[in-house]
Amino acid sequence: YGNPVRRYMRRQMVDNADGYIAASTRGRDWFLAFGVGRENMFTSPIPTSFDTGKIPAGVAKRSFSERPFDLMWCGRTTSSKGFDTFIEIAAELVRANTISKIGIIGCTDLAAISDRLERGGLLNITELRGQLPTDQLPAHLSKAKLCLFPSHNDAYGLGVIEAIACGAVALSSDAVGCAPDILDPEEILSPHQPAVWTNACSRLLNNADFWQKTRQRQASCIKHNTAQHHASTLWHAICQTISKRQGLRQWN
C-alpha cells in the first residue's frame, strides 16, 4: 500500500469509476475516505474458493471430539503470513499439554519446515502438507478445532471464511481485512503477541461448550459469503451503473 505507483493507480481508478464494490466494512470505509458516496457503493463479502454445497452437512458440523487436529494452519508458511507466530503458539500449547495434534496445509518448503518443526519438538505431532487444490481443503479443514491466521498483511482473509465454513473456529490478527465483520474483538489479536494467542486457544480448547458456541456465532456471520450473494450484488451494481449512465445521456 506504500508503493507510489500503485497508490496513483488506485487513485485514478477510484476517481474514474461509476460504481464501487467493497468486500468488507474496511473496504467500504476505504472508499468513504476517498470521498465515494454511499449511494454508489455495494458491499459484497467474498465467497469460499470451493463449493460449500458439496460439503456433506455431517462433515462441516463435526463436533469438538470428532476433530482430531487441535490447531490447523492453512496458507503459505511465510513470515508475512505469521507462520513464526503460529510456531511459537503451538510450541507453548504443547508445553502446557493443551494440544496433541497439528495440521499444516500450504507448506512452501517441506524440507525446511520439517527441520524447523523438528527443532521445535513439533514434528512428531504434525501432519504436514504442501499447497493443495481448493476442492481438497474442506476434507482437512473439517478436521480442525482451531484455525489460526496471525498474518501481518492480509487484505481480506479468505482463509478465515473457509475455515469457518468447514466448522472450525478461527482466530485472526488485526491485519486481516474481514476480521471485524466476522470475529468478536477477543478473537482478533496482534501477531506480535503470541502469548495472547496461546491464552485464547487454551480457553477454546479447554471448554468444548464455549468452542461450540463460538463456532455457531462465527458461522452465522458468514451467511452472505456465498457465490450466489456475490453474483447478485455484482449484478445489482452493474444494473445501477448502467441506469445512471442512461439517465445522464437522456439528461444531456
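It should be noted that the structure appears before, not after, this text.
Fair warning: this is a prediction, and the values are worked out from it, not measured in the lab.

## Considerations on the pattern of salt bridges
When their charged atoms lie close together, side chains carrying opposite charge are able to pair.
Okay, so step 1: What the rule picks out here adds up to 10 salt bridges.
Okay, so step 2: Its salt-bridge partner being Asp84, residue Arg116 comes within 2.6 Å of it at the nearest N-O pair. Highlighted residues: Arg116 in helix α5 (residues 110-119) and Asp84 in helix α4 (residues 83-95), separated in sequence by 32 residues.
Okay, so step 3: For Arg116, a relative accessible area of 28% puts it in the partly exposed group.
Okay, so step 4: Residue Asp84 is classed as partly exposed on the basis of its relative accessible area, which comes to 29%.
Okay, so step 5: Linking Arg217 and Glu187 is a salt bridge whose minimum nitrogen-to-oxygen distance equals 2.2 Å. Placement of the pair is Arg217 in helix α10 (residues 208-220) and Glu187 in the loop between α8 (179-182) and β8 (188-189), with a sequence separation of 30 residues.

## Details of the nonpolar core
Okay, so step 1: Counting residues in hydrophobic clusters, the biggest one holds 28 residues, and the most contacted among them are Met72, Leu141, Cys147, Val160, Ile164, Cys178 and Ile182.
Okay, so step 2: Listed by contribution, the elements that provide at least two residues to this core are α3 (57-60), β3 (69-74), α6 (137-141), β6 (144-149), α7 (158-165) and α8.
Okay, so step 3: The element best represented in this core is α7, accounting for five residues.
Okay, so step 4: Judged by nonpolar contacts, the second largest core, of 27 residues, contains Leu71, Ile89, Leu148 and Trp211.

About the cut-offs
Residues numbered from 1 in each chain as written. Predicted model: local features only at pLDDT ≥ 70, side-chain atom pairs only at ≥ 80, totals over all residues. Heavy atoms only, no water. Salt bridge = Lys/Arg side-chain N within 4 Å of Asp/Glu carboxyl O. Helix = DSSP H or I, 4+ residues; strand = E, 2+ residues; numbered from the N terminus. Buried < 20%, exposed > 50% of the residue type's maximum accessible area, 1.4 Å probe, protein only. Core = buried A, V, L, I, M, F, W, Y, C linked by side-chain atoms within 4.5 Å.

Take it as geometry only, folks, not as evidence of what the structure does.
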